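Topology and contacts: notes
Below, each chain spelled out in residue letters.
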Amino acid sequence: MSAHELDRSKANRRHGDWGGAASQDHRFAVAGLASGLYAAGYLSFLSHPLHLFVPSVFAALLLTVPNRLVASIEPRLFVLISALFLAVLASALFGPSSGMRAIGIAVFSCAPLFLLAFKPGPAIAGLAQTYGTAAVIAMVVWSWLLYAFLGGALGPWGSWTPAGSGNLYGLQFNLLWPVLLYISLHEKSAAATGALRALAVIAFLFALLTYSRAAILCAISIATVLALRGGWWKTLAAVAVAAVLAGTQVRAWLAFARILEFEPTLGRFAIWKQSLAVARDNLIFGVSPGGAPDALSAIQVYHAHSNLLNLLLESGIAAAALYLMVQIWLAILAIRLVRAGVDLACLGGAIGAWLATSQVSTTITNPELTLTLALVTAFAGHELRRRSTPDKIL
């Protein structure tokens with residue numbers, strides 16, 4: 001890099017345009033496109049074995065191969081996630097349903113969590129823009145096809161999407177649209193800003209169309225916080241209208257579901273009660289990773305509908321306690337971001353959506369969500385460090 005380029009790069013960082021330091025390397029554009037398609041859940045539909053191995057391979061390559069995406073590792077968080085991974089792995093080795101399948105599920109679920117500990121390098125901005133754009137477009141196309149040709153199959157209870165359910169697809173939208181909005185607030189090109197904001201609005205609307213009550217509440221909450229934080233009163237009015245329409249949509253669907261007898265027989269509290277009852281008998285190692293469907297077969301559910309409870313059920317009390325510490329770390333980060341400014345509140349809202357949804361749905365077994373969360377925390381950590389030491393970043 002020439003002296004002139006170095007000075008320009010430092011100036012970009014000093015003035016907050018850290019996207020200006022992004023690598024133009026085509027490899028990162030390709031990686032962003034591939035990761036975005038993975039985030040949309042397409043690999044789980046096209047190739048289940050590939051879907052199982054991609055997150056672990058991606059995490060290993062990103063953290064071990066020299067590149068411009070990872071600047072360094074957050075050591076305390078890395079140690080915490082390592083301890084969590086070892087606790088889940090111990091359950092897979094010594095629990096009642098131990099074996100290769102349990103080990104595979106432990107790696108599949110926990111390896112992507114290591115990405116939460118990375119501090120990003122200059123290529124992350126370009127990759128993230130490609131990643132978010134590819135994921136949103138792929139998810140919107142699939143959702144539109146479902147609505148247009150399959151009679152609105154994104155409705156709850158037995159519906160199918162590449163990511164598995166309306167809750168999980170809704171969460172993916174709620175992770176992606178705030179990231180796209182955040183990037184747009186740092187983009188100097190008017191055309192790029194307009195395109196990114198249009199994608200963010202589309203993703204927000206499709207989060208409301210998943211029929212997921214968690215996704216609808218999170219989308220409305222994030223948009224409300226951003227509108228209040230930024231003084232965007234017209235936006236707040238639009239969000240209020242969207243909230244009324246989304247609530248009407250859900251009520252109409254629930255009424256229709258009752259007529260067709262689609263209403264689920266068990267609510268969250270009944271599932272959590274049964275999960276805790278089983279977990280009390282297997283506090284040390286749990287029932288082993290992947291053992292929830294058998295353990296909860298009496299009530300015909302496949303997981304505990306909560307990350308924390310599912311880990312307690314499958315991997316024991318040590319894994320659950322360590323995971324609770326990760327959640328606390330994420331909660332503190334989200335609060336810091338919301339208080340720091342309207343642009344960082346976008347990222348704080350996305351993390352908040354992941355935390356809220358993970359209390360009522362098992363998201364940790366869907367690594368595409370963990371990869372997107374890691375992207376959000378990477379942006380967040382970078383920006384917080386840049387604002388505290390603007391001349392020393394990267």
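Above this text is the structure in question.
Everything in this summary refers to the structure shown in the same document. (Residues numbered from 1 in each chain as written. Predicted model: local features only at pLDDT ≥ 70, side-chain atom pairs only at ≥ 80, totals over all residues. Heavy atoms only, no water.)

Describing the environment of leucine 355
Operational definition: Helical segments are the DSSP runs of H or I of at least four residues, strand segments are the runs of E of at least two, and each set is numbered from the N terminus. We call two residues in contact when some of their heavy atoms are within 4.5 Å.
Tracing the sequence through the fold places leucine 355 in helix H16 (residues 342–360). Along the sequence, leucine 355 and isoleucine 328 sit 27 residues apart, while their C-alpha atoms lie 9.5 Å from each other. Setting aside its immediate chain neighbours within four residues, leucine 355 contacts Gln327, Leu330 and Ala331.

Remarks on the side chain of serine 91
The condition that has to hold: A 1.4 Å probe rolled over the protein chains alone gives each residue an accessible area, and that area as a share of the maximum for its type sets the label: buried under 20%, exposed over 50%, partly exposed in between.
As for its position among the elements, serine 91 is in helix H5 (residues 75–94). Residue classification places serine 91 among the buried residues on the basis of a relative accessible area of 0%. Dropping the residues within four chain positions of it, serine 91 is found in contact with Ser98, Phe285, Ser288, Pro289, Glu314 and Ser315.

Considerations on the nonpolar core
To be explicit about the condition: Among the buried residues, those of types Ala, Val, Leu, Ile, Met, Phe, Trp, Tyr and Cys that are joined through side-chain atoms within 4.5 Å form a nonpolar core.
With 92 residues, the main nonpolar core has Trp177, Leu347, Ile351 and Trp354 as its most contacted residues. Those residues in contact with tryptophan 177 that lie beyond four places of it in its chain are Ala200, Ala203, Phe204, Ala219, Ile222, Ala223 and Leu226. In this structure, Ile271, Ala292, Val301 and Leu313 belong to the second largest nonpolar core, which totals eight residues.

Some remarks on the packing of aromatic side chains
The relative placement of two aromatic rings is captured by the distance of their centres and the angle of their planes. Note the threshold: Aromatic rings from Phe, Tyr and Trp, taking only the six-membered ring of Trp, are treated as a pair when their centres fall within 6.5 Å; an angle between ring planes under 30 degrees marks them as stacked, one over 60 as edge-to-face, and anything in between as tilted.
One pass over the structure, following the stated rule, counts eight aromatic pairs. Ring geometry for tryptophan 177 and phenylalanine 204: centres 5.3 Å apart, planes at 80°, overall edge-to-face. One end of the pair, tryptophan 177, is in helix H8 (residues 166–185); the other, phenylalanine 204, is in helix H9 (residues 190–208), with 27 residues separating them in the sequence. For the ring pair tyrosine 182 and phenylalanine 379, a centre distance of 5.3 Å and an interplane angle of 65° mean the geometry is edge-to-face. Highlighted residues: tyrosine 182 in helix H8 and phenylalanine 379 in helix H17 (residues 367–388), separated in sequence by 197 residues. Both residues of the pair, tyrosine 182 and phenylalanine 379, count as buried.

Focus on the packing of H8 against H16
Put simply, the test is: Axes here mean lines fitted to C-alpha atoms, for a helix over just the part in contact, with angles spanning 0 to 180 degrees between N-to-C directions. We call two directions roughly parallel when the angle between them is under 35 degrees, roughly antiparallel when it is over 145, roughly perpendicular when it lies between 65 and 115, and oblique otherwise. Each residue receives one of three labels: charged for Asp, Glu, Lys and Arg, nonpolar for Ala, Val, Leu, Ile, Met, Phe, Trp, Tyr, Cys and Pro, and polar for the others, Gly being one of them.
Taken N-terminus to C-terminus, the directions of H8 and H16 make an angle of 170°; their axes are 8 Å apart at the nearest point. For the element pair H8 / H16, the angle class is roughly antiparallel. In this structure, H8 contributes Asn167, Leu171, Asn174, Leu175, Pro178, Val179, Leu181, Tyr182 and Leu185 to the contact, and H16 contributes Asp343, Leu344, Cys346, Leu347, Ala350, Ala353, Trp354 and Thr357. Considered class by class, the residues forming the contact of H8 with H16 number 13 nonpolar, three polar and one charged.

Brief notes about the packing of helix H12 (residues 268–280) against helix H14 (residues 307–315)
Helix-helix packing: each pair is described by the crossing angle between the helix axes and the interaxial distance. Test applied: Note: crossing handedness is left-handed where the near helix turns anticlockwise from the far helix by less than a right angle, and right-handed where it turns clockwise.
The contact between H12 and H14 brings their axes to 8 Å, and the two run at 30°. Classified by the interaxial angle, the pair formed by H12 and H14 is roughly parallel. For the pair H12 and H14, the crossing hand works out as left-handed. For the pair H12 and H14, the contacting residues are Trp272, Ser275, Leu276, Val278 and Ala279 in the first and Leu309, Leu312 and Leu313 in the second. Residue classes in the contact of H12 with H14 are distributed as seven nonpolar, one polar and no charged.

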